[in-house]
Amino acid sequence: MSEDIEKTVYRHDDSDLPPHISNVKRFWLQLCQNPLAFWGLILLGLFFLTAISGTILTHGDNPIMDPEQVRLVDTLKSPLSKANIELLTPKERPLFDIYFLGTDKLGRDVLSRALQGAHVSLLVGFISVGISVLLGIILGALAGYYGNYVDSIIMRAVDIMLCFPSFFLILTIIALLPASIWNIMIVIGLTSWPGIARFVRAEFLSLRKQDFVTAAEALGLSKFRIMFVHMVPNAIAPVLVSATIGVASAILTESGLSFLGFGVPPPDASWGNILADGKEFIFDAPWLFIVSGTAILVTVLAFNLFGEGLRDALNPKLREL
Amino acid sequence: MISFLGRNFVEKLITLFFISIISFSVVMLAPGDPSEIDPMNPKFTKEDIQRLREAFDLDKPLYMQYYLYYKKLFTNTLLSYKDNQPVLSKIYERFLNSLPLFIVGTFLTWCLAFPLGIHAALRRQSFFDRSTTFFSYFFISLPSFFLAYLSIIFMVKFFNVPVIGLATFGRESVGIWYMINDRIWHLVLPSMLGAFAGIAILSRYVRGQMLEVIEQDYIRTAKAKGLPDDQVYYKHALRNALLPFITMFGLVIPGLIGGSVIIESIFAWPGMGRLGYDAILARDYPVILSLNFVAACLVLLGTFVSDVFYMAADPRISIQDK
Amino acid sequence: MINKNNPVLEIKDLKTYFRTTLGEIKAVDGVSFTVSSGKTLGIIGESGCGKTVTSLSIMQLIKSPPGRIAGGEILLNGKNLIGLPERELQKIRGNTLGMIFQEPMTSLNPVFTIGDQIMETLITHRKMNRSEAKAIVLELLSKVGIPSPQIRINEYPHQMSGGMKQRVMIGMAIACNPKVLIADEPTTALDVTMQAQIINLLYTLQNEMGMSIVLITHDLGVIAETAHDVAVMYASKIVEYASVEDLFQKPLHPYTQGLFESLPALGNRDMKLRAIHGQVPNPLCYPSGCKFWPRCPHAEKKCREKEPRLEKISGRLIYCWKVAEEKSALYGPLFCEKSNKKDKEMNSDSSFHKELLQVKNLSKFFPVKGGFFSRAVGFVKAVDGISFTIKTGQTLGLVGESGCGKTTVGRTILRLMEPTQGEVFFEGLPIFSLKPKLLRKMRQRMQIVFQDPYSSLNPRMRVGEIVGEALSNHGLARGREVRELVENLFTKVGLSPSYFDRYPHEFSGGQRQRIGIARALALNPQFIVCDEVVSALDVSIQAQILNLLEKLQNENNLSYLFIAHNLAIIEYISHAIAVMYLGQIVEQLPAKNLVKNALHPYTKALLSSNPVHNPSQRGRSAPLAGDVPSAINLPSGCRFHPRCPIASKICSQEAPNLKKVEDNHWVRCCLVQ
């Protein structure tokens, strides 16, 4: 009799488990429920395509579309106008002999400049956020895991960083350093980690109390393994969200810097400096202003919307349902 | 209670000390010796470095540099490169100019963001919620300089109202009413532009906070008591949802300078942001460094004040630490 | 017979559904019951069976979306609540329908005083002014047993203990003399002694005020002590509905029978628990036919195909066509069996078992920070001078209320926390002075299983990795071997080896607990700390896990330190029992002597606080009054004296030591000779 029961008690079959749904599919379902996030994702896709094609088309010694080509015969041409083929050397002629988005005061093709700008924005957004995410995760993890003095020191550093008005601090540092796009990325990265460190620390503090971390300690796993293999993957969700939104704000910061004349040094184009150039010709050549402004707006919007969608899709509370 | 305040104050003093070190050591980023100048760097010439070395006593040992800099700053003998005026008085004057812009902006932000956020949270997924969500993102993503130019064109073209500067130049003697009217026009547009992004961000926070609070068990209790909806949401939920925003108050102060650099430069508003921008253009290092320091001090003061308010507002804190 | 006279609240065919991304969940699916005036209806069931949703549906507090009431009637005094406008409902809630919730900790608004929160109800429904309301609130507070109400009325929820908060909640719910009080797991979050107090309070209030109560719980004992009628819920349906006497005399439905048989009862430790196998089905994929058939020992083909209806048999309702046809229970008398624990008991006192673990004078203090420099201004003496030994192949049960330091003991022994004082020897090796490298090696021999099956598994790792990680990390196996070993472990703990690549969130609580046990077993330890391993689980799953732990002990000669707050479970699984109160062991004795020979007044109080499964004994007064004191300001003398029913003058002056009263029996009490 008792053996019988034993058998039934420990009987097992797969049908005990609920239907298997992979995490990716669940995530996708959540994302699709939020129309704003969905459109954000589509816009992001377009942005990546533009930025990558921008990199391909405008780089190299002899680019297909040269954003730096000055054509004094074709200044401030309106969009879709034909190039002045008779007066241009073959090298100066734009792709298809048409200025799709017009030209600026030096006769440079706005489309190719905007494409290069997309490339710059992508670079700035991802590298600076990469730096801040890396710093934020490491410092936040250390603070949250070790607590005590380590935590006090790191959190004091965060408090201090948060006291400085970040945009002005960036301006200050950029003004002291030699102008280069790399310096901009590093400075934006180094000034925007505190937010992420705070998130990671908060996650770590709650993870620290969870039993699976204690279990890992009881199994004699190393601290490094516990922190970076067990805890970080569980703390990554809010980081992803704030990183996505961080890319948006890095792009915005860069364009602000460029607008004020401290961004990407000429002759390289960025959306910010196209816009700054355009403001002088706001009535004569509004396209300069509108193209670059809209490009910034749409890209930043896409990142922000997608970030918010991620927040919902990764939210464990919503996932329960 | 006193010990809580005291500890908080001491902590803030320590933070202030580190802030002073950091805002001073930013100058170290510049090449320290004329011989180190990169000939490709147009920002520094030999003369620039010489001037920098003098102003910041770069020949002395580090701690002396630090001491002398802050001694000069606080005795108001640190002079601006540009016009040889004492830096601290300059900053103070510009601070007073920025203040109205900041106050109006903050007022607009807080007055609009809260009703919007609360409304959106209570009518989740409604048309109102969806449209405020979209417009928040729109305004968060809209570069302020882009919006500023668009609205200047709009105002000047359609209303024919001058908006650049503190007041319209050359009309000082046209009567008090006109003056006030003119001033207000000049004030409203820049502060509104500054506020747009703030409203958008803050209303999102308020919405999120409110949504979280109305999921709590005690809201269910309040409903189970049969309280009317208004009482459930505007008494029980709101009070809990608003608590965290008291601490946020301190963090809006960076906007006083950082966020206003662009707006103030576009509108030629002689405030702190504009001062900073001009100083950077003119490489007026004493002003730049001091401005960073002063701004950080203001933020610190703001967080201290909001900590005190928070303590007063949340029964859980004030009583435990009494 | 079910009480149907003077119905106050009638639920007819209630259906509440929730819409989710993965489909519609029928959380309550055609539930009907009647609550008579002045009587208590108990609803019992395991988690996820729809009892809470039922209670919230009655209050019309279902969040919509995603939830909606899809059908049925809720008749309060003959008036249907479904479809009433919100304004009308607000007049009923808190007025004629009161409700208390499971979590007193989070159910009160933290920023208002408790006085304000109770007054609000009176002001809203009775249109009183503040001073009138205040007078009534003071009265209410003393009625629900809150000492010095004049002071308490101005306090905030965080200043009160859990039991006090639950009293406040009750006061709030009965402020307007409701006709019906709905109590959703009102004692689940509380300790046993507090549970006994709250049950007693509800009982007295009902007698005084004559209200009807709908009491929802998962605890058969609570039902026996309070309910007049009982509805047993399983998978969104009522499976058995009977008067409490009928039900406790003879449960008819196989599920109800299973519930009774999976529960250890005090003094019955030789019985073997008979667990219901499997688990509560996921509401997204309920089985076809009878909802219980996959777990039912009597299931046949017809059960899978045809869904039974509630049928009437001898004054009760049963959701099982087989029982209805046979007109009697299917299994005869309750299934009892002598456990094979017995033969082990024989030599439990002899020297047959070696001493495996010795704990000597262990203390762990946590500093309380405060003041200007946040120095330690005091200590929480979580564990204060504890000694015991555990022998090979035996279980020591450590029992006590929450906050008594039992969890800290478990973690400090394994050096997951650094001790303040004391020594632990594992096979003669001093654990506390081991170097990190040796300690790492020692970890292979002593492991831990946790209470919360949800937080104890890393949600981002596959369960196979979770179990196998330590094997490769300690260099015990690599590559293919790990997988084989893990699959063996899975089989050993009753899981399918095919689960290797699944993630924790796909499993139910009981299955996760099995995974946790497999992880602890992976390194082949000799000693396992079981920290409240079954307290988060449903009754039927509890029994499965207890049986599994016993089986593993017998097979591998394991030793356990079994930590729990439930005395019946402790008595069932342990060989020796240590009772903790405020950081100290107050009594230690062999498990078989617990019921007969317990001497310490606290142990006795715990024994009699444990709800009995006998409806005829209801209404007894709670054995212990008051709350556990804070571990920061310990009482002088004997720590138990403020609550002790037999305390004399000496108890407040003299701190007693642990005295040996007979072999293997120690007591810490001045009055016990």
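Residues numbered from 1 in each chain as written. Chains lettered and ligands numbered in written order. Predicted model: local features only at pLDDT ≥ 70, side-chain atom pairs only at ≥ 80, totals over all residues. Heavy atoms only, no water.

## Regarding the overall build of chain C
Consideration 1: On a plain count of helices and strands, chain C comes out with 24 helices and 24 strands.
Consideration 2: For 673 residues, the compact-globule formula gives about 26 Å, and the C-alpha radius of gyration of chain C, at 26 Å, lands near that figure.
Consideration 3: The dimensions of chain C, computed from C-alpha atoms along their principal axes, are 75 × 65 × 50 Å.
Consideration 4: Across the 673 residues of chain C, 60% fall into the buried class.
Consideration 5: Across chain C, contacts joining residues at least 24 apart in sequence account for 67% of those joining residues at least 6 apart.
Consideration 6: Summing over all exposed atoms, chain C offers an accessible surface of approximately 25,700 Å²; the carbon and sulfur share of this is 50%. (Helix = DSSP H or I, 4+ residues; strand = E, 2+ residues; numbered from the N terminus. Rg over C-alpha atoms; globule rule 2.2 N^0.38 Å. Buried < 20%, exposed > 50% of the residue type's maximum accessible area, 1.4 Å probe, protein only. Contact = heavy atoms within 4.5 Å. Areas by Shrake-Rupley, 256 points an atom, 1.4 Å probe, with all protein chains shown as cover.)

## Quick look at a nonpolar patch on the surface
Consideration 1: On the surface, B:Ile176, B:Trp177, B:Ile180, B:Ile184, B:Val188 and B:Met192 cluster together to form a nonpolar patch covering roughly 600 Å² of accessible area.
Consideration 2: Mapped onto the secondary structure, B:Ile184 falls in helix α7 (residues 176–214). (Patch = residues over 30% accessible without salt bridge, like charges linked within 9 Å, V, L, I, M, F, W, Y side chains within 5 Å. Salt bridge = Lys/Arg side-chain N within 4 Å of Asp/Glu carboxyl O.)

## What about the interface of chain A and chain B?
Consideration 1: The interface of chain A with chain B comprises 42 residues on the first partner and 49 residues on the second.
Consideration 2: When chain A packs against chain B, the two sides together hide about 4,200 Å² of surface, and 80% of this comes from carbon and sulfur.
Consideration 3: When residues of chain A are sorted by the area they lose upon contact with chain B, A:Cys163, A:Phe168 and A:Leu176 head the list and together hold 18% of the total.
Consideration 4: Among the salt bridges present, the one from B:Glu11 reaches A:Arg156, with a minimum N-O distance of 3.8 Å.
Consideration 5: Linking chain A to chain B there are six residue pairs in polar contact (both at pLDDT 80 or more).
Consideration 6: Counting only elements with at least two residues in the side of chain A that touches chain B, the list comes to α3 (35–58), α5 (148–163), α6 (166–176), α10 (223–260) and α12 (286–314) of chain A.
Consideration 7: Of the residues forming the side of chain A that touches chain B, the biggest block, eleven residues, is contributed by α12(A).
Consideration 8: Tallied by class, the residues present in the side of chain A that touches chain B amount to 32 nonpolar, six polar and four charged. (Buried area = accessible area lost by both parts, 1.4 Å probe. Polar contact = N/O pair within 3.5 Å; in protein donor to acceptor, adjacent residues only side chain to side chain. Nonpolar A, V, L, I, M, F, W, Y, C, P; charged D, E, K, R; others polar.)

## Focus on the packing of aromatic side chains
Consideration 1: Here the structure, examined in full by the defined rule, presents 35 aromatic pairs over all chains.
Consideration 2: Judged by centre distance (5.2 Å) and plane angle (85°), the rings of A:Tyr145 and A:Tyr146 are edge-to-face.
Consideration 3: By relative accessible area, which is 6% here, A:Tyr145 ends up buried.
Consideration 4: Residues B:Phe138 and B:Phe139 carry aromatic rings whose centres are separated by 5.6 Å and whose planes lie at 85° to one another, so their mutual orientation is edge-to-face.
Consideration 5: For B:Phe138, a relative accessible area of 24% gives the class partly exposed.
Consideration 6: With relative accessibility at 22%, the residue B:Phe139 sits in the partly exposed group.
Consideration 7: The ring of C:Phe112 has B:Lys235 lying over it, and the distance from NZ or CZ to the ring centre is 5.2 Å. (Phe/Tyr/Trp six-rings, centres within 6.5 Å; stacked < 30°, edge-to-face > 60°. Lys NZ or Arg CZ within 6 Å of the ring centre and 35° of its normal.)

## A closer look at the side chain of C:His474
Consideration 1: The topology assignment puts C:His474 in the loop between α17 (463–473) and α18 (480–492).
Consideration 2: Residue C:His474 is classed as buried on the basis of its relative accessible area of 13%.
Consideration 3: From its side chain, C:His474 meets the backbone oxygen of A:Leu219 in a polar contact 2.6 Å long.
Consideration 4: A polar side-chain atom of C:His474 sits 3.1 Å from a polar atom in the side chain of C:Gln444.

## Observations regarding the layout of surface pockets
Consideration 1: Reported here for the second largest pocket is a volume of approximately 690 Å³.
Consideration 2: In terms of lining residues, the second largest pocket is bounded by 21 residues, among which A:Glu217, A:Lys223, C:Arg415, C:Leu416 and C:Arg443 are the most central.
Consideration 3: Looking at the lining of the second largest pocket, the elements with two or more residues in it are α4 (110–146), α9 (211–218) and α10 of chain A together with β13 (355–370) and α16 (436–442) of chain C.
Consideration 4: It is α16(C) that contributes the most residues to the lining of the second largest pocket, three residues altogether.
Consideration 5: Tallied by class, residues from the lining of the second largest pocket come to nine nonpolar, three polar and nine charged. (1 Å grid on protein atoms, 1.4 Å probe; cavity = no way out; pocket = protein on both sides within 12 Å on 5 of 7 lines; lining within 4 Å. Points joined across faces, edges and corners; volume = space filled by probe spheres on them.)

## With respect to the environment of C:Val399
Residues and elements named next belong to chain C.
Consideration 1: Relative to the assigned elements, Val 399 resides in strand β15 (residues 395–399).
Consideration 2: In this structure, the C-alpha to C-alpha distance between Val 399 and Leu 606, residues 207 residues apart in sequence, is 9.7 Å.
Consideration 3: Apart from the residues within four sequence positions on either side, Val 399 is in contact with Lys 406, Ala 564, His 565, Leu 567, Ile 570, Ile 577, Ala 578, Val 579 and Met 580.

## Side note on the sheet that holds strand β4 (residues 67–76) of chain C
Residue and element names in this part refer to chain C.
Consideration 1: Read from one edge of the open sheet, four strands run β2-β1-β4-β5, paired in antiparallel fashion. Two strands lie at the open edges of the sheet, namely β2 (23–36) and β5 (79–80), each paired on one side alone.
Consideration 2: Bridge count for strand β1 (residues 7–20) against β2 is eleven bridges, and the pairing is antiparallel. Paired with Phe 18 across the strands is Ile 25, a residue of β2.
Consideration 3: Packed on one face of the sheet, helix α1 (residues 51–59) meets β1, β2 and β4 and runs near 110° to β1. (Pairing = 2+ DSSP bridges. Axes fitted to C-alpha atoms, helices over the stretch in contact; angles between N-to-C directions.)

## Things to note about the side chain of C:Arg295
Residue and element names in this part refer to chain C.
Consideration 1: Locating Arg 295 in the fold gives a position in the loop between α11 (254–261) and α12 (301–305).
Consideration 2: Of the residues examined, Arg 295 reaches a relative accessible area of 4% and is grouped as buried.
Consideration 3: A distance of 3.4 Å separates a polar atom in the side chain of Arg 295 from a polar atom in the side chain of Tyr 234.
Consideration 4: Among the polar contacts listed, one links the side chain of Arg 295 to the side chain of Ser 540, at a separation of 3.0 Å.
Consideration 5: Excluding its chain neighbours within four sequence positions, the residues that come into contact with Arg 295 are Glu 46, Tyr 234, Ile 276, His 277, Gly 278, Gln 279, Val 280, Ser 540, Ile 541 and Gln 544.

## Digging into the sheet that holds strand β11 (residues 310–313) of chain C
All names here are of chain C.
Consideration 1: Read from one edge of the open sheet, eight strands run β6-β7-β8-β3-β9-β10-β12-β11, paired in mixed fashion. Sheet topology places β6 (97–100) and β11 at the edges, where each strand pairs with a single neighbour. With strand direction ignored, the average angle separating the axes of adjacent strands in the sheet is 20°.
Consideration 2: Relative to strand β9 (residues 229–234), strand β3 (residues 40–44) runs parallel, the two sharing four bridges. Paired with Gly 42 across the bridge in β9 is Val 230.
Consideration 3: The sheet contacts of α11 involve β9 and β10 (237–243), and relative to β9 the element is tilted by about 100°.

## Brief notes about helix α4 (residues 114–126) of chain C
Residue and element names in this part refer to chain C.
Consideration 1: Compared with an ideal rise of 1.5 Å per residue, which puts 13 residues at 18 Å, α4 spans 18 Å between its outermost C-alpha atoms and is within 8% of the ideal.
Consideration 2: Counting buried residues along α4, ten of its 13 residues qualify, which places the element largely inside the surrounding structure.
Consideration 3: Looking only at α4, the buried set comprises Ile 114, Gly 115, Gln 117, Ile 118, Met 119, Glu 120, Thr 121, Leu 122, Thr 124 and His 125.
Consideration 4: The first or second residue beyond α4 is Lys 127, which carries a positive phi of 55°. (Expected span 1.5 Å × (residues − 1).)

## Points about the nonpolar core
Consideration 1: With 127 residues, the main nonpolar core has A:Leu171, A:Phe204, A:Leu260 and B:Ile266 as its most contacted residues.
Consideration 2: Here the element with the most residues in this core is α10(A); it accounts for 16 residues.
Consideration 3: Every residue in contact with A:Phe204, bar those within four places of it in the chain, is listed here: A:Ala141, A:Gly144, A:Tyr145, A:Met227, A:Met231, A:Val232 and A:Ala235.
Consideration 4: Formed by 77 residues, the second largest nonpolar core is a distinct cluster that contains C:Leu14, C:Met99, C:Ile174 and C:Met211. (Core = buried A, V, L, I, M, F, W, Y, C linked by side-chain atoms within 4.5 Å.)

## Quick notes on the confidence of the model for chain C
All names here are of chain C.
Consideration 1: Per-residue confidence for chain C gives a mean pLDDT of 86; residues scoring 70 or more make up 95%.
Consideration 2: With pLDDT under 50 throughout, residues 332–339 is counted as low confidence; its partners more than four residues away or in other chains account for 16 contacts.
Consideration 3: pLDDT under 50 marks residues 346–351. Its contacts with residues more than four places away, or in other chains, come to nine contacts.
Consideration 4: Confidence metrics for the complex model read pTM 0.83 and ipTM 0.83. (pLDDT = per-residue confidence, 0-100.)

## Section: unusual backbone geometry
All names here are of chain C.
Consideration 1: A positive phi angle, near 50°, is found at Glu 427, a position not held by glycine.
Consideration 2: Position of Glu 427 relative to the elements: it lies in the loop between β16 (421–426) and β17 (429–430).
Consideration 3: Positive phi, close to 60°, is recorded for Asn 664, a residue that is not glycine.
Consideration 4: Tracing the chain through its elements places Asn 664 in the loop between β23 (659–662) and β24 (665–667).

## Points about the confidence of the model for chain B
Detailed reading of the predicted coordinates is not advisable wherever pLDDT is low.
Consideration 1: Confidence in the prediction of chain B, expressed as mean pLDDT, is 79, and 83% of residues score 70 or more.
Consideration 2: Taken element by element, the predicted model of chain B shows its lowest mean pLDDT in helix α13 (residues 315–320) of chain B (60) and its highest in helix α8 (residues 217–224) of chain B (90).

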